[in-house]
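Results of the structural survey
Chain by chain, the residues:
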Amino acid sequence: MGACQHRDIVPEPPTPMPVERQAYRDAMARLGAAVNVVTTDGPGGRHGFTASAVCSVTDDPPTLLVCLNRGSSASAIVHANGVLCVNTLAAGQQELSDRFGGRVPPSERFQAGQWRPGVTGAPVLVGALASFDCRISRFVEVGTHDVLFCEVVGLDEAGTREGLMYFLRRYHALKETLPE
Ligand SMILES: Cc1cc2nc3c(=O)[nH]c(=O)nc-3n(C[C@H](O)[C@H](O)[C@H](O)COP(=O)(O)O)c2cc1C
């Protein structure tokens, strides 16, 4: 096949179309994510919410980010406190995820689970897969959310190695390693 003929069959790039909000949400549901209960305490009071939008930024200085809806009841309190703890849930802790995800009012959320104060004062969940106690170093507004850049000042790990994932709008236990 000649070079010119080959060039003829290269498809045109698609015309850019606006991406609908629901289509974006449906595609993001396919991005499996760890489930975290993010807590805070301080002058603004104690609060907590579930978040899957958490990821590492850098290990020097150890920094992660959390995306928080500015319309949520936690937003003003997290701003006032300037600290938070990301408690990554273990398999079996999905009830805590629903609870902090809005199933019960903020004043009742800490009635389940065992909590102790971390070095920042934010509640650390005893038995979480991992806990990252943080001071918030920067807030960046993007659309409906704030991106919170958080410097990790305390760490905790539980004995269990079984994680909880949120994938296709359902919880999944992450237990098996695929053969190499
Ligand atoms: C699995 C799951 C993941 C969530 N991830 C986030 C997130 O990353 N960021 C966020 O702002 N809200 C997230 N939410 C929603 C908040 O947890 C929820 O809006 C909040 O707890 C409701 O609190 P409020 O009613 O007091 O405002 C998530 C909820 C669930 C169940």
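Residues numbered from 1 in each chain as written. Predicted model: local features only at pLDDT ≥ 70, side-chain atom pairs only at ≥ 80, totals over all residues.

Threshold: UniProt positions are given in the numbering used here, feature names are shortened, and annotations may be inferred rather than shown by experiment.
In the annotation of an unreviewed UniProt entry, the protein is listed under the name FMN reductase (NADH) RutF and assigned to Ancylobacter oerskovii. Comment text from UniProt for the protein, heading Catalytic activity (unreviewed entry), reads "FMNH2 + NAD(+) = FMN + NADH + 2 H(+)".

**Quick look at the overall build of the protein**
Test applied: Strands here are runs of E lasting at least two residues and helices are runs of H or I lasting at least four, both read from the DSSP assignment and numbered beginning at the N terminus. Between the two quantities, the radius of gyration covers C-alpha atoms and the globule rule is 2.2 Å times the number of residues to the power 0.38. Whether a residue is buried, exposed or partly exposed is read from the other C-beta atoms within 10 Å of its own C-beta, which are placed from the backbone; 20 or more gives buried, 12 or fewer gives exposed, and intermediate counts give partly exposed. Note that contacts rest on C-beta atoms placed from the backbone: two residues are in contact if these are within 7 Å.
Looking only at helices and strands, the protein has four helices and twelve strands in total. In summary, the protein has a C-alpha radius of gyration of 20 Å against a globular reference of 16 Å for 180 residues, an excess of more than 25%. Out of the 180 residues belonging to the protein, those deemed buried represent 28%. Restricting the contact set of the protein to residue pairs at least 6 apart, pairs at least 24 apart contribute 64%.

**Observations regarding the site of the ligand**
How we decide: For each residue, a C-beta atom is placed from the backbone, and the residue is labelled near a molecule or strand when this atom is within 6 Å of it. Only Asp, Glu, Lys and Arg are considered charged, only Ala, Val, Leu, Ile, Met, Phe, Trp, Tyr, Cys and Pro nonpolar, and every remaining residue, Gly among them, polar.
As a matter of local geometry, the ligand sits amid 17 residues, with Ala-51, Ala-53, Ser-73, Gly-101 and Gly-102 nearest to it. When contributions to the shell around the ligand are tallied by element, the ones reaching two or more residues are strand S3 (47-51), strand S5 (62-69) and helix H4 (94-103). Per element, the largest residue contribution to the shell around the ligand is four residues, and it comes from H4. Of the residues assigned to the shell around the ligand, the class counts are nine nonpolar, eight polar and no charged.

**So, the sheet that holds strand S11 (residues 163-167)**
For sheets, the rule is that strands pair by backbone hydrogen bonds, running either parallel or antiparallel. In plain terms, the rule: One requirement defines pairing of two strands: DSSP has to find at least two bridges between them.
Reading across from one edge, S1-S11-S12 is the order of the three strands in this open sheet, with antiparallel pairing throughout. Since the sheet does not close on itself, it has two edges, and those belong to strand S1 (33-34) and strand S12 (170-174), each with one partner. Where S11 lies against S12, five bridges are found, and the strand directions are antiparallel. The residue bridging Phe-167 from the neighbouring strand is Arg-170, located in S12.

**Remarks on unusual backbone geometry**
The general pattern is negative phi for most residues beyond glycine and trans for most peptide bonds. The omega torsion of the bond from Asp-60 to Pro-61 falls at -5 degrees, within 30 degrees of zero and hence cis. Along the chain, the position of Pro-61 falls in the loop between strand S4 (54-59) and S5. For Arg-169, which is not glycine, the phi dihedral falls at a positive 65 degrees. Here Arg-169 is to be found in the loop between S11 and S12.

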